[in-house]
Amino acid sequence: MTRHFLVDDDLTPAEQAEVLELALAMKADPYGYDTFAGPQSVAVLFDKPSTRTRVSFEAGIAELKGHPMIIDAKASQLGRGESIADTARVLDRQVGAIVWRTGDQSRIDEMAAHSTVPVVNALTDQFHPCQLLADLLTIKERFGDVAGRTLTYYGDGANNMAASYLVACATAGMHVRIAAPASLQPAPDVVARAEKIAEEQGVTILITDHAEAAAIGADVLATDTWVSMGQEEGAEERLADLEPFRIDSRILSLAKRDAAVLHCLPAYRGKEVTAEVLDGPQSMIWDEAENRRHAQKAILHWLVTASAPPQESETDDSTPDED
Ligand code: CP
Ligand code: NVA
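Residues numbered from 1 in each chain as written. Chains lettered and ligands numbered in written order. Predicted model: local features only at pLDDT ≥ 70, side-chain atom pairs only at ≥ 80, totals over all residues. Heavy atoms only, no water.

1. Structural notes on the overall build of the chain
Secondary structure assignment for the chain yields twelve helices and nine strands. Its C-alpha radius of gyration of 20 Å places the chain within 12% of the 20 Å reference for a compact globule of 323 residues. Principal-axis analysis of the C-alpha atoms gives the chain an extent of 80 × 45 × 35 Å. Here the chain, with 323 residues, has 54% of them falling under the buried criterion. A separation of at least 24 residues holds for 77% of the contacts in the chain among residues at least 6 apart in sequence. (Helix = DSSP H or I, 4+ residues; strand = E, 2+ residues; numbered from the N terminus. Rg over C-alpha atoms; globule rule 2.2 N^0.38 Å. Buried < 20%, exposed > 50% of the residue type's maximum accessible area, 1.4 Å probe, protein only. Contact = heavy atoms within 4.5 Å.)

In structure tokens:
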């Protein structure tokens, strides 16, 4: 069965832990894995702008001995209305995996439904699971573990990063708090999905509009832009609601003394986070950005390996003898 990575909990807790361990091993030995040796190509398509996702996939696929086929999807026939299903059927005859940054989650679900090779979500309007693998890797490196830690996300609680923090961190056995204005809360179905995982993992989910209380005792404070791609129109109206949810030195001082600060980037200093915090000693943003490459190499390798048909053993005697 072909495995895909479309939402953070497409990996079970055990599988997510395995991918993070693999990412650590790959970081220690960047050229030691021949996943796409040949080289086989990997299609990386973009419907939206990108810096980190593009360069980390391109560099990472090259390190896996593959050929990164970077495609501006708007300049392809997909951008002119060729169906997603037909695009999937064409791409999977050429490449070993498909990575796509697009809009609605239903689009990547459809790509996966028609692809015989693994499909990876490189950001949709609803989720950003590759970013979360990088964030979890950064937390694991910093603290030695992820389970039992508490992460508070500040800002636009209705966006893709908030949703992925909820689902991915619950899967990792972390307590998750979303500190967001009442006007920008996570979708109820996402909260329910995270709560179910959290219950199984014995951790808690808190959605609050109390910025100060949400910081107390947190190991990690995370944030994201207040205006996501595609939401530029009418953005000014939401900014006033978001003002109390900026990570500044006062909020940071309420978290644990050794708390780490994360931001998926691009950042807008003075909006969702002050320059003092973002460029300060507790910020881990450059490790986090680097870890995109290691985490994405690990998920690609893991998916390709998990999707491979089982090898027939040479000593397999299950085939009946010919008379
Ligand atoms: N964090 C992130 O996905 O960055 P890009 O939009 O630059 O890819
Ligand atoms: N929430 C942001 C993340 C950018 C990496 C966006 O979707 O624009």
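2. Considering the site of ligand 1
By nearness alone, every residue bordering ligand 1 is listed as Ser50, Thr51, Arg52, Thr53, Arg101, His128, Gln131, Cys264, Leu265 and Arg292. Within the backbone of Leu265, a nitrogen or oxygen atom sits 2.9 Å from a nitrogen atom of ligand 1. The protein chains hide 95% of the 250 Å² of surface that ligand 1 would expose on its own. A molecule is said to occupy a pocket when more than half its atoms come within 2 Å of that pocket's grid points, and by this definition ligand 1 occupies the largest pocket. Taken together, the residues that form the shell around ligand 1 break down as two nonpolar, five polar and three charged. (Near = heavy atom within 4 Å. Polar contact = N/O pair within 3.5 Å; in protein donor to acceptor, adjacent residues only side chain to side chain. Areas by Shrake-Rupley, 256 points an atom, 1.4 Å probe, with all protein chains shown as cover. 1 Å grid on protein atoms, 1.4 Å probe; cavity = no way out; pocket = protein on both sides within 12 Å on 5 of 7 lines; lining within 4 Å. Sits in = over half its atoms within 2 Å of the grid points. Nonpolar A, V, L, I, M, F, W, Y, C, P; charged D, E, K, R; others polar.)

3. Here's the deal with helix α2 (residues 52-63)
Given a rise of 1.5 Å per residue, twelve residues ought to cover 16 Å, and the 16 Å separating the end C-alpha atoms of α2 matches this to within 8%. Those residues of α2 not exposed but buried are Thr53, Ser56, Phe57, Gly60, Ile61 and Glu63. Within α2, the buried residues cover an arc of 150° as seen down the axis, which keeps them to one side. Turning to α2, the residues buried within the fold contact β1 (41-46), β2 (67-72), β3 (95-101), β4 (119-121), α5 (129-143) and α12 (285-307). Remark: Lys65 follows α2 within two positions and exhibits a positive phi of approximately 70°. (Expected span 1.5 Å × (residues − 1). Arc of directions from axis to C-beta.)

4. Remarks on the packing of helix α6 (residues 160-171) against helix α7 (residues 188-201)
Between α6 and α7, whose axes approach to 8 Å, the crossing angle comes to 15°. Judged on the interaxial angle alone, α7 and α6 are roughly parallel. For the pair α6 and α7, the crossing hand works out as left-handed. On α7, the residues that touch Ala163, Leu166, Val167, Ala170 and Thr171 of α6 are Val190, Val191, Arg193, Ala194, Ile197, Ala198 and Gln201. The residue makeup of the contact of α6 with α7, split by class, is nine nonpolar, two polar and one charged. (Axes fitted to C-alpha atoms, helices over the stretch in contact; angles between N-to-C directions. Parallel < 35°, antiparallel > 145°, perpendicular 65-115°, else oblique. Left-handed = near helix turned anticlockwise from the far one by under 90°.)

5. Side note on the sheet that holds β3
The four strands are arranged β2-β1-β3-β4 in an open sheet whose pairing can be described as parallel. Sheet topology places β2 and β4 at the edges, where each strand pairs with a single neighbour. When strand polarity is set aside, the average angle formed by the axes of neighbouring strands in this sheet is 20°. Where β3 lies against β4, three bridges are found, and the strand directions are parallel. In the sheet register, Trp100 faces β4, and the bridge partner there is Asn121. (Pairing = 2+ DSSP bridges.)

6. Details of the site of ligand 2
Around ligand 2, the neighbouring residues are Leu123, Asn159, Asn160, Asp224, Thr225, Ser228, Met229, Cys264 and Leu265. In this structure, an oxygen atom belonging to ligand 2 sits 2.7 Å away from a main-chain N or O atom of Met229. When isolated, ligand 2 has an accessible area of 270 Å², and the protein chains bury 95% of it. According to the grid-proximity analysis, the pocket containing ligand 2 is the largest pocket.

7. Brief notes about the sheet that holds strand β5 (residues 150-154)
Paired through backbone hydrogen bonds, the strands of a sheet run either parallel or antiparallel to each other. The five strands are arranged β7-β6-β5-β8-β9 in an open sheet whose pairing can be described as parallel. What marks the edges here is a single partner per strand, and that holds for β7 (205-208) and β9 (260-263). Taken pair by pair, the neighbouring strands of this sheet meet at an average axis angle of 20°, ignoring direction. Where β5 lies against strand β8 (residues 220-223), four bridges are found, and the strand directions are parallel. By the bridge assignment for β8, Thr152 is matched with Leu221.

8. Re the environment of Ala59
In this structure, Ala59 sits in helix α2. Each C-alpha atom of the pair Ala59 and Arg293 lies 7.2 Å from the other, and the pair is 234 residues apart in sequence.

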